[in-house]
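# Fold and contact review
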Amino acid sequence: MTGTAIRPDLSVDLAPNNPRELVLRNPVIPASGCFGYGLEYGGILDVQRLGAFVSKGITPRPRSGNRMPRITEVPAGMLNAIGLQNPGIRGFIRKYPRIWEHWDVPAIVNISAERVEDYAMMARKLDEQPGIAAIEVNISCPNVAAGGYCFGWDTGMSRDVTRSVREATTLPVIVKLSPGAQDIVSIAEAVEDAGADAISLINTLVGMAIDTRARKPVLANETGGLSGPAVKPVAVRMVYQVAGVVRIPVIGMGGISRLGDALEFLMAGASAIQVGTAIFSQPGMLLALIDDLEAWMVQNGVTGLREIVGAANPGFRAHDRHELDLATGYLDR
Amino acid sequence: MGKAGAGTEQVKERNQRGWSREFLGEVTRVSPVMGDSSLITFAAPEGLVASARSGHFVEILCRSDESYDPLLRRPYSIYAAGAKKHELTILVRPYGRGSRWLCNQPVGATLDVLGPLGNRFEIASKSGNLLMVAGGVGAAPLVMLATEAVRNGLSVTYLMGAMTAEGLLASQLLPGQVEYVVATDDGSQGHHGFVTDLVPNYLRWADQIFSCGPEAMFRSLRSVVLANRFGSHPPVQVSVERAMACGVGACLGCVVETRSGMKASCVDGPVFDMDQVVWS
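Residues numbered from 1 in each chain as written. Chains lettered and ligands numbered in written order. Predicted model: local features only at pLDDT ≥ 70, side-chain atom pairs only at ≥ 80, totals over all residues.

## Focus: the overall build of chain B
What chain B contains, in helices and strands, is five helices and 15 strands. Expressed as a percentage of its 280 residues, the buried residues of chain B come to 50%. Sequence separation of at least 24 residues holds for 64% of the intrachain contacts in chain B that already meet a minimum separation of 6. (Helix = DSSP H or I, 4+ residues; strand = E, 2+ residues; numbered from the N terminus. Buried ≥ 20, exposed ≤ 12 C-beta atoms within 10 Å, placed from the backbone. Contact = placed C-beta atoms within 7 Å.)

Structure below.
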């Protein structure tokens, strides 16, 4: 080792096509539904060190969520059917933007609705609020029987939702895709075409566990979203496929619980990563991931994430240089 | 890359800074109790020990960093805090995968702990006579509560139920001033029947009732109390148990339906007023 190592650049812009930008100082983001509203983990870790965080899913009206049991453990994962318990967009706006306004860490608001107009209505309301860095549009929540999950399984409806949110706000718009879609690539293309600034994937996979003694499903909702290490290979594959085609940044998630997992997603073509289920077990790991990534970059002579994003994905690297800058979010600023 | 226990170093560092509720604690004592259960004592940062109150719980990661099984932490009520300034004790019955793993940890093993978490039992300022109703490992938070109450000069009657005499808490684990009355399903010690059968004898005496145990015991307690008390006196606080993930109110997986909506048992509980809970 000669001299002092140059401190690697972990920053990324997840909305390079948007004048309002979405610049993160590092690519580690707690996922929606796993980090509350950012306040819950205040006594456990320094939330301000995170790249950003995504709020619990907000709906047009307050929701009390599903009946219990809402969660159950499965091999290397868990099933959840919380049912989007939240105070609704009005209750949300009364409480959180004024807190987040004073925070360094960018706050991303996850929204979910059952009608296109409602997505637009929420996006319009959020656009006027302080303390909000971006909107993540959930077109895939699998838990609400009459819910938005169907949007994410259909190319036309995914495009409609994205376009309506795009027209309602100048905030960066991230659209979160459902792994239940038959052709995830065409959904991603439709969403990009409709004006999304970035794409995040994957949401949970629909699963079920049976209580054999009671002879019925464990969860009161019967089905639940599968998350955790069990879903990681599916998620990596989908990130690889989507990042190989779209020219906007991709945020990868699904079963990330340590550095090796994060590197897989980055090399598959994700410009940033979200961590969900692993937070419940090891919240301190969120910050460890940032430190471990930086240490890994130093050890491997990597000065910026753009060098490794998509490194394992020939489709992604085949974009021309300018496209690559846009797609990775590492455009010279 | 991908080194096992990505969080370990980070947690150690924060242990030293001493503010985070996620910490590593070395097991200092393991004593058998209540037949197959164990009292497990582990080191904890002094500030956290000082903040622990009866009703609070900790969530423990019952696996090594290399494993994903069981994935989620397991919640345990605090049995004792501050006998030594930097130790917490929990009561663990080895019935699930997590608890079995935990009971097999030897002295010197390191536990990954999140806590203290949750709300606490509240003794009203006017209360002089406290009735506690414990079932199984539900004995744990009530031992801590009884110890606090006796220290403050309050009268405590501690009722405990178990399947057999072996499953009962040994009387010497409670302060000498506590009246300890037991019931067993098989009649091998004390009252032959449910612990809740004993409750009517104390309803006029008790200013408050505190309970922790299985859901079936709560149902029985509730019907006994509703059938025998006058109005809403004495009030009953119950510490409920739900399948839990985050422990900090983020995931909303552990909710309890109350008259004022769905409440997270990890932050709004685990202690609830019995009359506020919607019992299905």
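This is not the end of the story, as more comes after the structure.
## A short note on the overall build of chain A
The secondary structure content of chain A amounts to eleven helices and 16 strands. The principal-axis extents of the C-alpha atoms in chain A amount to approximately 65 × 45 × 40 Å. Within chain A, buried positions represent 59% of all 333 residues. Restricting to contacts in chain A with at least 6 residues of sequence separation, those with at least 24 account for 72%.

## Brief notes about the domain arrangement of chain B
Residues and elements named next belong to chain B. The domains assigned to chain B are domain 1 (8-117) and domain 2 (129-239). Centre-to-centre separation of domain 1 and domain 2, based on C-alpha positions: 26 Å. Listed per partner, the contact involves 14 residues of domain 1 and 16 residues of domain 2. Of all elements in the fold, only strand E4 (74-81) and strand E5 (87-92) reach the threshold of two or more residues within the side of domain 1 that touches domain 2. Take the side of domain 1 that touches domain 2: its biggest share by element is five residues, from E4. Looking at the side of domain 1 that touches domain 2, its residues break down into eight nonpolar, five polar and one charged. (Domains from an automatic or database assignment. Nonpolar A, V, L, I, M, F, W, Y, C, P; charged D, E, K, R; others polar.)

## Observations concerning the sheet that holds strand E6 (residues 110-117) of chain B
All names here are of chain B. Ordered by their spatial adjacency, six strands build a closed barrel running E1-E2-E5-E4-E3-E6, and the pairing between neighbours is antiparallel. Within the sheet, the average angular offset between the axes of one strand and its neighbour, ignoring direction, is 45 degrees. Pairing of strand E1 (residues 22-33) with E6 involves five bridges; the strand directions are antiparallel. Note on E6: the bridge partner recorded for Leu24 is Asp112. Packed onto the sheet, helix H4 (residues 139-151) meets E4 and E5 and runs at close to 25 degrees relative to E4. (Pairing = 2+ DSSP bridges. Axes fitted to C-alpha atoms, helices over the stretch in contact; angles between N-to-C directions.)

## Here's the deal with the interface of chain A and chain B
On the chain B side, the residues contacting the 42 residues of chain A number 32 residues. The dominant element in the side of chain A that touches chain B, judged by the number of residues it contributes, is helix H9 (residues 285-299) of chain A, at seven residues. Grouping the amino acids of the side of chain A that touches chain B by side-chain chemistry returns 22 nonpolar, 14 polar and six charged.

## Considering the sheet that holds strand E11 (residues 205-207) of chain A
Residue and element names in this part refer to chain A. What the four strands build is an open sheet, ordered E5-E6-E14-E11; its pairing is antiparallel. For this open sheet the edge positions go to strand E5 (71-74) and E11, each flanked by a neighbour on one side alone. Adjacent strand axes in the sheet meet at a mean angle of 35 degrees when their direction is disregarded. As judged from the three bridges shared by E11 and strand E14 (residues 224-227), these two strands associate in the antiparallel manner. Each bridged residue has a counterpart across the sheet, and for Val206 the counterpart in E14 is Gly225.

## Regarding the confidence of the model for chain A
In this model, chain A carries an average pLDDT of 92, and 92% of its residues clear a pLDDT of 70 or more. Contacts from residues 142-148 of chain A, a stretch scored under 50 in pLDDT, to residues over four places away or in other chains number 25 contacts. (pLDDT = per-residue confidence, 0-100.)

## A closer look at helix H7 (residues 259-268) of chain A
Residues and elements named next belong to chain A. Here H7 lies mainly inside the structure; eight of its ten residues are buried. In the core, the buried residues of H7 are packed alongside helix H6 (232-243), strand E15 (250-253), strand E16 (272-275) and H9. Gly269 sits one or two positions beyond H7 and adopts a positive phi of about 125 degrees.

## Examining the environment of A:Leu287
Following the sequence through the fold, A:Leu287 ends up in helix H9. For the pair A:Leu287 and A:Val191, spaced 96 residues apart in sequence, the C-alpha separation works out to 31 Å.

## Some thoughts on the confidence of the model for chain B
Residue and element names in this part refer to chain B. Averaged over all residues, the pLDDT of chain B is 92; the fraction at 70 or higher stands at 93%. The model gives residues 1-7 a pLDDT under 50, and that stretch makes 21 contacts with residues more than four places away or in other chains. Quick note on the complex model: pTM equals 0.92, ipTM equals 0.90.

## Topic: the packing of helix H4 (residues 155-168) of chain A against helix H5 (residues 184-193) of chain A
Residues and elements named next belong to chain A. Relative orientation of the contacting elements H4 and H5 amounts to 25 degrees, with a least axis distance of 8 Å. It follows from the interaxial angle that H4 and H5 lie roughly parallel. Both H4 and H5 take part in a crossing whose hand is right-handed. Residues Thr155, Ser158, Arg159 and Thr162 of H4 pack against Ser186, Ile187, Ala190, Val191 and Asp193 of H5. A breakdown of the residues in the contact of H4 with H5 according to their chemical character gives three nonpolar, four polar and two charged. (Parallel < 35°, antiparallel > 145°, perpendicular 65-115°, else oblique. Left-handed = near helix turned anticlockwise from the far one by under 90°.)

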